[in-house]
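These are the residues of each chain, in order.
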Amino acid sequence: MTGSELIWRIAGGSGDGIDSTSQNFTKALMRAGLHVFTHRHYPSRIRGGHTYVEVRAADHPVKSRGDGYDFLLALGDSFARNPQASGEAYYGNEEAKPLAENLDELREGGVIVYDEGLLDASEIEDFDERVEENDWHVYPLDLRGLAREHGREIMRNTAGVAATAALIGMETDPFEELMNDRMSGDILETNITVLEEAYEEVESKDFSHDIEVPTGEHDEEQVLVNGSHGVAYGALDEGCRFIAGYPMTPWTDVFTTMTQHLPEFGGIAEQVEDEIAAAALAIGASHAGVKAMSGSSGGGFALMSEPLGLAEMTETPLVLVEAMRAGPSTGMPTKPEQGDLEHILYTSQGDSNRVVFAPGTVEECYEQSREAFRIAYEYQIPTIIAIDQKLSGELVSMPASVFDREPNPDLGSVLTEEEISEAAHHESGKYNRFQHDPENGVSPRTIPGQSGGRFLASGNEHTPQGHIEEDPDNRVAQVDRRTRKLEAIRDDLDGKDTSQQTPYGPEDAEHGILVWGSQQGTVEEAVDRLNDQGESVKSLGVSDMMPYPKKEVTEFLESVDECLVVEMNITAQFRGLTQKELGRFGEKMSSLLKYNGNPFEPAEVVEGFEIQINGGDEPPNAQVRIEPAAGD
Amino acid sequence: MSAFSAIGSGEQDEEIDRDAFTPGIEPQPTWCPGCGDFGVLKALKGAMPEVGRSPDETLLATGIGCSGKLSSYFDSYGMHTIHGRSLPIARAAKLANPDLEVIAAGGDGDGYGIGGNHFMHTARENHDMTYIVFNNEIFGLTKGQTSPTSPKGHKSKTQPHGSAKDPVRPLSLSLTSGASYVARTAAVNPRQATEIITEAIEHDGFAHIDFLTQCPTWNKDAKQYVPYTDVQQSDDYDFDVTDRREAAEMMHETEDKLHEGEVLTGRFYVDENRHSYGQEKRSTGEMPEEPLAERYFDDDYEWERSYDLLDAHK
Ligand SMILES: Cc1ncc(C[n+]2csc(CCOP(=O)(O)OP(=O)(O)O)c2C)c(N)n1
Ligand code: SF4
């Protein structure tokens, strides 16, 4: 272990407090001056079942979970007990899981701390051989006993954290501070006692291993946030004050974050009967003059297909979040995949105009959530923020200043009553809401309650006043105008100081990697490693899915001789989109695909790249697939 | 000054402008001659000036169907939405701006079929709005298929052997779901219809009107709603409209009788005491006192920032 980074994994039964314990630990590391990145692995069940959280902490910024890990804290799974055994724990093979299930990825020289009060290593076949082979340092500790002795059994998480801290040379102060923030009274006191006693007990023993916590210092105040926070806070800062939704993993995180805060922001949150209603409510609120959003995951988003079309046709600004998980159908609720891209781009009937952003990092979630609102309201068009289970749940440290931006409550292209009085009206008195001729396709809207602004917003093709009309000339004029918006939006995005696409690596690199969404950081890390190995590689993280950033991607692809496209699905949806939009480069692009429910690790991308460059079609492992370039 | 100066202006007019909603140059309805939908339009146009609302402060959201075209022929802010979804759209508009007069309308297929779930939940929440369902016991726009209110045994191209299903009972469904005002009226009785729509709009809560509209084109039995009896005008029906149980009893009787050819109309349930959803949400602090929509027009409003939430993340 170099001392510049540490990857710690806490494993146990889901429902055993793994999540909150790891969050505290992560925060303590961040407060100690480190950059942190977390990865959550959990099954789709409420209690029991194997779960782990991995925390990567380093003295430099980290962009992915890394590969492998250094330190395992295996807690006993309290829900794996035999209820018949009079309250006593039952330790069959099944219950050694938090220990057994995690050994494959533990690095050489790694440390294992396990709760000998609940787990029995001797039940694992070959355990001793593997320990020896890998030079692991194993510390069985009676965490449950310690917790019982000084507090309550449930506090064995705290004992485990104390043991970890003692073993990697951390003080208890940051943990006590955090406990002070979150607890009070009796609970606080007992937890602190457990923490201190367990720490002392472990420290007094003579352990030898060479894993330490790296040291670092931040020059700016840091916060620990995930993609769901990014999206929610971006929406709040952009003046979103209405959300309607129906729970579905992993969208629920964005939904509940908004629901928790909207009332204190003077806004309204609604949990409604289904996703059709949710999207329809967002449209109703937006039509009535409030910035609104809704969202779901794949299956719920499928139900929103028709309201999405209504928003397009009535030109009502609408922001939807699509937090992808593995499909089809209910698929794997707690596992990430990037398999909904085409669903997001093309769902709903007719020639569809919408804007789709797929942020690549938590920071981009905030930025692009704001952008999604700005574009939706300025151009009166639905925008979709596509994230996935990985991005929505991973906690990452970043400077607080990332969120330090002024609110933007501007409703976009809305007329004031004064402007309405000067605007063109139909002889019936109705406002010409959907004029044929504005240059960028946007004809300003009015809000119900504004004097003289009334019009009909119809999901049927309509006249400038909004009345149902199938006249061919009117139809062509309206379709042309609505379609013109996408060109205007492309110009708008291209004209900005900072692009939403993220180039990485040496500009004159020979080879390229194209990536979209949550895999961006992992790819960037792989780019660094490859360049360190003497390769010449750069990457482009693409966020704009529609309208597609043709110019930027073309330039990127022209500048490299070969390009690997990395994404989590089997049909290479993003590569397909790129080829369709650019109409060429088929022979330059090959794909690295993964769809087993886990995101890429940097090493897999490195290997995949090497195979592409050096030839061969053996994927880095059985879980990853190579799709060669056209004509290969 | 209010951000929406149209709001409240109707009420301030000393003289009721009876032509406000009838400018005469709107598109002419494309409904068939003799269609009951004309009756709804007429009653609605008649009711609005009575409640003192102006076109610019009114939002009418409709679904899809012959009934859904109502918003095309009615001079207010309108939204002609998607089949079955007028309610969620309308209720969000009401939450966003409680000062707006919000009305939703649609057909029986629209409201009791595809949008049945929304109907149940909007009634349950008791949003302060009016919902008019054009009940013609048939799918009109898609050319005469059996609808959720078609009587058992009804034959159509989609039910060639005669429907084996009992019809939906809209009044009972509404009451059970939680609507605080439930009435039935008929296109053949414009006076009662206007009165009931007026009362429903003035009601503070979810007012559901099952509006019997004949479809002479697809429902051969086009005169089915004549003769009718107004339960409030008849000595034969004495029940307390504010009593849930009595109302429920009366609704059962009414719904049983409809297909035997005895048509009862009138107010079936009125609960003036139940708080509307908006009021409930305001009382728990879940919703601001001032209309949210106003805030975007208020240059002095101090917009909160997400930055203040970061403390929990440090
Ligand atoms: C999702 C969807 N399904 C089906 C249709 C086709 N459709 C249009 S109107 C209608 C039925 C209309 O019947 P009803 O609601 O009773 O209204 P009416 O025409 O009788 O007034 C149907 C099925 C549609 N527009 N959208
Ligand atoms: S089809 Fe029936 S409901 Fe539709 S307009 Fe004609 S008469 Fe009216």
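Structure shown above.
Every chain begins its residue count from 1, and numbering advances along the sequence as written. Here the convention is simple: chains get letters from A, ligands get numbers from 1, in the order in which they are written. Per-residue local features are limited, in this predicted model, to residues with pLDDT of at least 70; the limit for side-chain atom pairs, both in listing and counting, is 80 or more; totals at the level of whole chains, interfaces and linings are taken over all residues. Water and hydrogen atoms play no part in the side-chain values, which are based on all heavy atoms of the structure.

So, about the overall build of chain A. Note on conventions: DSSP H or I runs of at least 4 residues are helices, E runs of at least 2 residues are strands, and numbering of each starts at the N terminus. Regarding its fold elements, chain A presents 21 helices and 22 strands. Compactness check: chain A gives a C-alpha radius of gyration of 27 Å against a globular reference of 26 Å for 632 residues, within 12% of the reference. Principal axes of the C-alpha set define a box for chain A whose edges measure 90 × 60 × 50 Å. Burial here depends on accessible area, computed with a 1.4 Å probe over protein chains only, as a share of the maximum for the residue type. Under 20% is buried, over 50% is exposed, and the range in between is partly exposed. In chain A, buried positions account for 63% of the 632 residues. Contacts are assigned to residue pairs that have any heavy atoms within 4.5 Å of one another. Considering only intrachain contacts with a sequence separation of at least 6, the fraction spanning at least 24 residues in chain A is 78%. Per element, the accessible surface of chain A, about 22,600 Å² overall, is 44% carbon and sulfur. Counting 49 positive and 117 negative side-chain charges, chain A places the centres of these two groups 6 Å from one another. Radius of gyration means the value over C-alpha atoms here, while the globule rule gives 2.2 Å times the residue count to the 0.38 power. The Shrake-Rupley method, run with a 1.4 Å probe sphere, supplies the accessible areas, and residue values consider only the shown protein chains as cover. All tallies of charge rest on Lys and Arg as positive and Asp and Glu as negative; His and the ends of each chain are not included. Note that the charge is assigned to NZ on lysines, CZ on arginines, CG on aspartates and CD on glutamates.

Attention shifts here to the site of ligand 2. Here, proximity means that at least one heavy atom of the residue falls within 4 Å of the molecule or strand. Near ligand 2, the surroundings consist of Trp31, Cys32, Cys35, Cys66, Asn136, Cys215, Pro216, Thr217 and Trp218 of chain B. In the shell around ligand 2, the residues fall into seven nonpolar, two polar and no charged. Charged residues are taken to be Asp, Glu, Lys and Arg, nonpolar residues to be Ala, Val, Leu, Ile, Met, Phe, Trp, Tyr, Cys and Pro, and polar residues to be all remaining types, Gly included.

This part is about the site of ligand 1. Residues in contact with ligand 1 amount to 17 residues; listed here are only the nearest, Cys66, Gly109, Asp110, Gly140 and Leu141 of chain B. Surrounding ligand 1 are residues belonging to chains A and B, so the site spans chains. Here Asp110 of chain B contributes a backbone N or O atom positioned 2.8 Å from an oxygen atom of ligand 1. Identification of polar contacts relies on pairs of N or O atoms within 3.5 Å, with a donor-acceptor requirement for protein atoms, meaning one able to donate a hydrogen and the other able to accept it, and with residues adjacent in sequence counted only if both atoms are side-chain atoms. A distance of 3.0 Å is found between an oxygen atom of ligand 1 and a backbone nitrogen or oxygen belonging to Leu141 of chain B. Relative to its free-state accessible area of 590 Å², ligand 1 is covered by the protein chains to the extent of 78%.

Attention now moves to the environment of His229 of chain A. With respect to the element layout, His229 of chain A can be found in helix α8 (residues 227-237). Through-space distance from the C-alpha of His229 of chain A to that of Phe255 of chain A is 10.0 Å; in sequence the pair is 26 residues apart. Aside from chain neighbours lying at most four places away, what touches His229 of chain A is Gly234, Thr257 and Leu395 of chain A together with His313 of chain B.

Looking at the element boundaries, Lys485 of chain A is found in helix α17 (residues 472-494). Ignoring sequence-local partners within four residues, the contact set of Lys485 of chain A consists of Glu315, Tyr379, Gln380, Asn440, Gly441 and Val442 of chain A.

Our next topic: the state of the cysteines. All names here are of chain A. Cysteine sulfurs are considered disulfide-paired once they come within 2.5 Å of each other. Using the criterion set out here, one finds zero disulfides over all chains in the structure. Here Cys365 stays unpaired: no disulfide links it, and the sulfur of Cys240, its closest cysteine neighbor, is 15 Å away. Judged by relative accessible area, Cys365 falls into the buried class, the value being 0%.

Residue and element names in this part refer to chain A. The strand order β16-β18-β17-β20-β21-β22 describes an open sheet built from six strands, whose pairing is mixed. Two strands close off the open sheet at either side, each with one partner strand: β16 (502-504) and β22 (624-627). Taking each pair of neighbouring strands and ignoring which way they run, the sheet shows an average axis angle of 20°. At least two bridges found by DSSP between two strands is the condition for calling them paired. The pairing of β16 with strand β18 (residues 537-542) spans three bridges and is classified as antiparallel. Among the inter-strand pairings, Tyr504 is bridged to a residue of β18, identified as Ser539. Axis angles are defined between N-to-C directions and span 0 to 180 degrees, where every axis is a line fitted to C-alpha atoms and, for a helix, only to the segment in contact. Lying over the sheet, helix α18 (residues 520-532) contacts β16, β17 (511-516), β18 and β20 (562-567), oriented at roughly 170° with respect to β18. The strands that helix α21 (residues 602-614) touches are β17, β18, β20, β21 (589-594) and β22; relative to β20, the one it contacts most, it runs at about 145°.

All names here are of chain A. Here, nonpolar core means buried Ala, Val, Leu, Ile, Met, Phe, Trp, Tyr and Cys residues that are tied together by side-chain atoms lying within 4.5 Å of each other. Met293 and Leu514 are the most contacted members of the largest nonpolar core, which totals 180 residues. For this core, the leading source of residues is helix α14 (residues 362-379), giving nine residues. When neighbours within four sequence positions are excluded, Met293 is seen to be in contact with Val231, Ala235, Cys240, Phe242, Ile243, Ala244, Val254, Met258, Ala282, Val319, Val321 and Phe373. By size, the runner-up hydrophobic cluster in this structure holds 47 residues, among which are Phe71, Ala147, Ile192 and Val194.

It is worth spelling out empty space enclosed by the protein at this point. Residues and elements named next belong to chain A. For cavity detection a 1 Å grid was placed over the protein atoms alone, and a set of points counts as a cavity when a 1.4 Å probe fits there but cannot get out; an open set counts as a pocket when protein lies on both sides within 12 Å along at least five of seven lines, with lining residues being those that have an atom within 4 Å of a point. Grid points are joined across faces, edges and corners, and a volume is the space filled by probe spheres set on the points. Evaluation of the coordinates by the stated rule reveals five cavities of 30 Å³ or more. One number sums up the size of the largest cavity: a volume of about 60 Å³. Considering the residues around the largest cavity, the lining is formed by His39, Arg40, Tyr42, Pro336, Gln389, Lys390, Gly393, Glu394 and Pro599. Secondary structure elements with two or more residues in the lining of the largest cavity: β2 (35-41) and α15 (389-393). Among the elements that take part in the lining of the largest cavity, α15 stands out by supplying three residues, more than any other.

Considering only enclosed or pocket space, the largest pocket measures out at about 600 Å³ in volume. Forming the walls of the largest pocket are 26 residues, and the residues nearest its centre are Gln23, His229 and Leu395 of chain A together with Ala312 and His313 of chain B. Taken together, the residues that form the lining of the largest pocket break down as six nonpolar, eleven polar and nine charged.

Geometry of aromatic contacts follows a simple scheme: Phe, Tyr and Trp rings, the Trp one being its six-membered ring, pair when their centres are within 6.5 Å, and the pair is stacked under 30 degrees between planes, edge-to-face over 60, tilted otherwise. Inspection of the entire model under this criterion finds 21 aromatic pairs over all chains. On the numbers, 5.8 Å between centres and 80° between planes, the contact of Phe434 of chain A with Phe455 of chain A is edge-to-face. You can see Phe434 of chain A sitting in the loop between α16 (417-422) and β15 (456-458) and its partner Phe455 of chain A sitting in the loop between α16 and β15, a full 21 residues away along the chain. Seen in terms of ring centroids, Tyr296 of chain B and Trp303 of chain B are 5.0 Å apart; in terms of plane orientation they differ by 55°. Their pairing is tilted. Residues Tyr296 of chain B and Trp303 of chain B agree in their burial class; the two are buried. Members of the aromatic cluster, connected to one another through ring pairs, are Tyr112, Phe119, Tyr131 and Phe206 of chain B. The aromatic ring of Tyr52 of chain A is capped on one face by Arg9 of chain A, whose charged end is 3.6 Å from the ring centroid. Charge over a ring is defined by NZ of Lys or CZ of Arg lying within 6 Å of the ring centre and within 35 degrees of the ring normal.

All names here are of chain B. For strand β5 (residues 181-186), the tally of buried residues reaches six of six residues, placing the bulk of the element in the interior. Alternating residues of β5 divide into Tyr181, Ala183 and Thr185 and Val182, Arg184 and Ala186, and every residue in both groups is buried. Bridge analysis of β5 against strand β6 (residues 206-212) gives six bridges, and the strand direction is parallel. Bridge pairing links Ala186 to Leu212 in β6. By definition, the crossover connecting two strands over a helix is right-handed if that path, from the first strand to the second, turns clockwise as seen with the strands pointing away from the viewer. Traced from β5 through helix α8 (residues 190-202) to β6, the parallel crossover comes out right-handed.

If charged atoms from side chains of opposite charge come close, those side chains can pair. All names here are of chain A. Any Lys or Arg side-chain nitrogen located within 4 Å of an Asp or Glu carboxyl oxygen qualifies as a salt bridge. In this structure the tally under the stated criterion is 57 salt bridges over all chains. Across the salt bridge formed by Arg9 and Glu54, the nearest N and O atoms sit 2.7 Å from each other. Residue Arg9 is found in strand β1 (residues 5-13), and its partner Glu54 is found in strand β3 (residues 50-58); the two are separated by 45 residues along the sequence. The exposure class of Arg9 is buried, given its relative accessible area of 0%. Its salt-bridge partner being Glu367, residue Arg405 comes within 2.9 Å of it at the nearest N-O pair. Taken together, the residues span a long stretch of sequence, with Arg405 in the loop between β14 (396-399) and α16 and Glu367 in helix α14 at a distance of 38 residues.

Moving on, we come to the interface of chain B and chain A. Across the contact, 62 residues belong to chain B and 76 residues belong to chain A. Buried area is calculated as the accessible area (1.4 Å probe) missing from two parts once they are joined, with the contributions of both summed. Contact between chain B and chain A buries roughly 5,700 Å² in total, counting both sides, with carbon and sulfur atoms accounting for 59%. Between chain B and chain A we count seven salt bridges in total. Arg454 of chain A is the salt-bridge partner of Asp75 of chain B, the closest N and O atoms lying 2.9 Å from each other. If you look at where chain B meets chain A, you find 33 residue pairs in polar contact (both at pLDDT 80 or more). Elements with a contribution of two residues or more to the side of chain B that touches chain A: α3 (70-73), β2 (77-80), α4 (86-96), α6 (116-125), α10 (277-283) and α11 (292-295) of chain B. The dominant element in the side of chain B that touches chain A, judged by the number of residues it contributes, is α4 of chain B, at seven residues. Residues that form the side of chain B that touches chain A fall into these classes: 34 nonpolar, 14 polar and 14 charged. In this sheet, β2 of chain B lies alongside β15 of chain A in parallel orientation, the contact comprising three bridges. Looking across to β2 of chain B, one finds that Ala457 of chain A is bridged to Met79 of chain B.

What follows deals with the sheet that holds β6 of chain B. The nine strands are arranged β15(A)-β2(B)-β1(B)-β3(B)-β4(B)-β6(B)-β5(B)-β8(B)-β7(B) in an open sheet whose pairing can be described as mixed. Unpaired on one side and paired on the other, β15 of chain A together with β7 (228-230) of chain B mark the two borders of the sheet. In this sheet, adjacent strand axes meet at a mean angle of 20° when their direction is disregarded. Where α8 of chain B meets the sheet, its contacts fall on β3 (101-107), β4 (129-135), β5, β6, β7 and β8 (263-270) of chain B, and the angle it forms with β5 of chain B comes to roughly 160°. Contacting β5, β6 and β8 of chain B, helix α9 (residues 244-258) of chain B runs over the sheet at an angle of about 160° to β8 of chain B.

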